[in-house]
Structures are given as structure tokens and as C-alpha cells.
Amino acid sequence: MTAIDGAALLNDVEAFHRRFNVFPTEHAYVAVTLWDAHAHLLDCFDSTPRLAFLSPEPGSGKSRALEIVETLTPRAEATVNASPNALFRLVDAAEGRPTLLFDEIDTVFGPKAGDNEPVRGFLNSGYRRIGTMLRCVGDGANQSVQRFSSFCAVAMAGLGSLPDTILTRSVIIRMRKRAPNERIEPYRQRLNEDQGHALRDRLAKWADSVREQVSGAWPELPEGVTDRPADVWEPLLAVADAAGGDWPTRARAACLELVNAAHDNDEASLGVRLLTDLRDKVFCGADRVPTAVILEMLLALDDAPWADVDDKPLNSRMLSKLLGQYVTPANKPIKPRGIRTPSGFPKGYYAEDLIDAWTRYCPPPPGKSATSATSATPQVSGGESVADTATTIRHTPAETATQPTLAS
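Caption draft 1: Inspection of the sheet that holds strand S10 (residues 347-350) at higher detail. Strand order across the open sheet formed by three strands is S8-S10-S9, with antiparallel pairing between neighbours. Sheet topology places strand S8 (288-290) and strand S9 (337-338) at the edges, where each strand pairs with a single neighbour. Relative to S10, S8 runs antiparallel, the two sharing three bridges. Bridging across to S10, Pro 290 finds its partner in Gly 348. Across the sheet, helix H12 (residues 291-299) touches S8 and S10, and the angle it forms with S8 is around 80°.

Caption draft 2: Structural view of the environment of Asp 280. Here Asp 280 shows up in helix H11 (residues 270-283). In the structure, Asp 280 is positioned 86 residues away from Pro 366 in sequence and 7.9 Å away in space, judged by C-alpha atoms. Excluding residues that lie within four positions of it along the chain, Asp 280 makes contacts with Pro 365 and Pro 366. Within the local environment of Asp 280, its side chain forms a polar contact with the side chain of Arg 279, the two groups lying 2.7 Å apart.

Caption draft 3: Layout of the nonpolar core. Judged by nonpolar contacts, the single largest core of 60 residues is most densely connected at Phe 53, Ile 173 and Trp 233. Sequence-distant contacts of Ile 173, that is, excluding residues within four places in its chain, are made with Phe 23, Pro 24, Ala 28, Val 32, Leu 51, Ala 52, Phe 53, Leu 54 and Leu 258. Val 272, Ile 294, Leu 319 and Tyr 326 belong to the second largest nonpolar core, which has 28 residues in total.

Caption draft 4: Summary view of the pairing of strand S1 (residues 50-55). With six of six residues buried, S1 lies mostly within the body of the structure. Of the two faces of S1, the one holding Arg 50, Ala 52 and Leu 54 and the one holding Leu 51, Phe 53 and Ser 55 are both buried throughout. Here S1 pairs with strand S7 (residues 170-174) via five bridges, running parallel. Paired with Ala 52 across the bridge in S7 is Ile 172. Two strands pair when backbone bridges link them, and S1 and strand S6 (residues 153-159) are joined in this way by five bridges, in the parallel orientation. If you follow Ser 55 over to S6, its bridge partner there is Leu 159.

Caption draft 5: Highlighting the environment of Ser 320. Of note, Ser 320 is situated in helix H13 (residues 316-323). The exposure class assigned to Ser 320 is partly exposed, which follows from its relative accessible area of 27%. Between the C-alpha atoms of Ser 320 and Gly 348, which are 28 residues apart in sequence, the distance is 9.9 Å. In contact with Ser 320, other than residues within four places in its own chain, are Pro 336 and Tyr 349.

Caption draft 6: Representation of helix H1 (residues 6-20) within the structure. In a regular helix each residue adds 1.5 Å, so 15 residues correspond to 21 Å; H1 covers 22 Å between its end C-alpha atoms and thus fits that length. Residues Gly 6, Ala 7, Leu 9, Leu 10, Val 13, Glu 14, Phe 16, His 17 and Phe 20 constitute the buried set of H1. The N-cap residue of H1 is Asp 5: its side-chain oxygen and the backbone nitrogen of Ala 7 are 3.2 Å apart.

The rules behind each value
Residues numbered from 1 in each chain as written. Predicted model: local features only at pLDDT ≥ 70, side-chain atom pairs only at ≥ 80, totals over all residues. Heavy atoms only, no water. Pairing = 2+ DSSP bridges. Helix = DSSP H or I, 4+ residues; strand = E, 2+ residues; numbered from the N terminus. Contact = heavy atoms within 4.5 Å. Axes fitted to C-alpha atoms, helices over the stretch in contact; angles between N-to-C directions. Polar contact = N/O pair within 3.5 Å; in protein donor to acceptor, adjacent residues only side chain to side chain. Core = buried A, V, L, I, M, F, W, Y, C linked by side-chain atoms within 4.5 Å. Buried < 20%, exposed > 50% of the residue type's maximum accessible area, 1.4 Å probe, protein only. Expected span 1.5 Å × (residues − 1).

This is the structure:
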């Protein structure tokens, strides 16, 4: 039997997408093509990344992208709002694992959606081969517990964003409205669907020819791609390596670009934002800061959420609650402690209690400049505003203990 040229086949799949889809970057075409192919090799992998076409506005080509994916993937099943019971029975059917395509996923997880935790649980657990859902089956009182597999390939399209637990398991393609100079062919199902199916069948034959190779593959990941992003991209890189040609190089470039883009679009949790602002905007090298000074400095930050947390400014109680979610190096919740000063014993926070959380949760600190290397949080006297303090001086622990501070 003549060997199938995997690189040429992926080129054809990519060209089919380019006929009908305008993706935001060249890397997006690479990622989607590899995702189509990986769906034919699902049983070779321990995990399967979700594919998410997202946009802020309608008319950005998300549904069309999903429609093309449907023609190229095995046992594709399109749905808008299926129940979790229907989903796990579909995945566990005798015919084999489907490729699930969720259009209008924002109606499942958007602000006006109801309680869809079971669907979220299905999508999260089905990301891993070991993912299962427990259900009672039987009639009346004659019930037994049965495990149903939820492991399957899933592509989604929707407005806005998705829950973080799904986003971190996804290759994210942020779609845009077509510019006037961006032209594509109109997709005609009666004409073009068969062309997509022909490519799908070629992908299936190629997958059978490389299944053993891919099953034993441990692709080399680009530097810096670890943890969940590594799980997401490992199957796609294994497909690219099996195809050969320039696909291994293109795949790793796409991996780095899309992983970095996903990080750039991450909205850090409120707790991580607080820790980062404390490190970079408040402590700045100081070893302790009174609560009152922390609040004054946080509330003075532009483009920060602290002036409106649950419809009111951040206060000492909220600050304590947010920081109490994290622990000190001694594995105890971060709590305010007394700071001895000549004028009193106000409550505040110590850098030594925060440093472990800073290391584990915050992004790398910005590059140090000559100014930031010597600056620190001002220790202010009663009635003096932090904003009015012209000079900031780094204090040693002994010096800080004698500085006048605001009372908590």
C-alpha cells in the first residue's frame, strides 16, 4: 500500500479551511487543522483539547468555522443545548466516540443561562481519557450506579468568553468580523460538504497508518509550555510530528503564539490581582505596611477594581477575607498582624507572610528600574496623604518599627 503523505494531507485540510474561514492569524489555521486531525486519533492520547471559536460580536464567522470542522471530523454531532444525560449516552454509544460541536455555547454559560454545572462538569471531565460521569440506571427502585465515559473531542463557538475551567483546557481562536478586503468562498452544503467528507475520509486512513507511531509519541514542547498548556498542545504536536514536512515547526510556533495570547487575555482572579498590586504597587520592597496605608494606596490606583468591589470600596474586612484565601510560608492563612509604632499598634501586613503567595500565584514582576530598586511604601504620619508624599525611602526592619504610621 502506498504511504500517505501526511504533510500534504494537512496542507489540503488547511486549504479547505482557508476557502471558507477567515481566522485571525496564520497560527490559527495551523491549530485548527491539527485539531481536526487529532480527532481521528483520539484514542492515542491521554487528553483532548477543546477548540473554542469566540468573538465579542455576532457575524464573526464562528458558526461557519464550526460547520467546516463538522465536515472534517469523525462522527460529528452538532448541538446547541443538549442535556448532560444525552451527552454522556452519546459518548458511550456503541458506534464510537463522537466529535461534539457546540454552537452558541454562550447560551449554555452566558449570564442569562440557568444552572449548567452538569454540562460544565461533562466538558471538564471529558478532557481526560479517565473522565467519567456516574448515573443511576434501572427502573423504579431497581437502580444501580453506572459509569459513563465523557472523553471525546469537543469544539465550541460562542459570544464572549467561557468559564475559566474550560478556557484553560482549550485552544482559543478569537474570531473577528471580516474586513472589506478579506474574501472567502460562500459555503454551499450540497456542494462543499462532500468535499469536506472526502478530506475526512483521507484523514481517517492516514490516522490508521500512524496510530501506532502517535500512541508512543512524547513530542518535545516549546520552552516555557508546561502544566495545562502542555496537556492541551501535546496531542496537536504529536499529530504535526507524525505528518512531517514543515508541520512540526509550524505547530510549535503556533503553540507558543496561542499559549501566550491566551495568557495575555487571562483576567486574573481578584485575589491574584490583589497580590500582584500589593507586591508591585504597595510594598515595593517594604517589609510591613499598615492596613490603612494599603487601602489608601489601592484605592488611588487607576484602572484597578478596588474602588468598586461588590458595589463598594475595598475595606479592611474585604482585604482580610481576600488575603485569607492564601497561606504564609508556614501554611497558615494570611492575616493582619500588629505593627509597633511610637503612636500605637495598628494592624497591617508583613511581606514575609505574603512572599510565598507572591511566588506561587503572581506573574513575574516588571523589570526593575533605578527608581523601583530604591523605592518602597511610604510610612506616613497622621493626617498625611500617601499621594502627597514626594519621596519614598526603603526602611530596614529596625527603622520601620520607629516610623510613625497611620492607625488601622
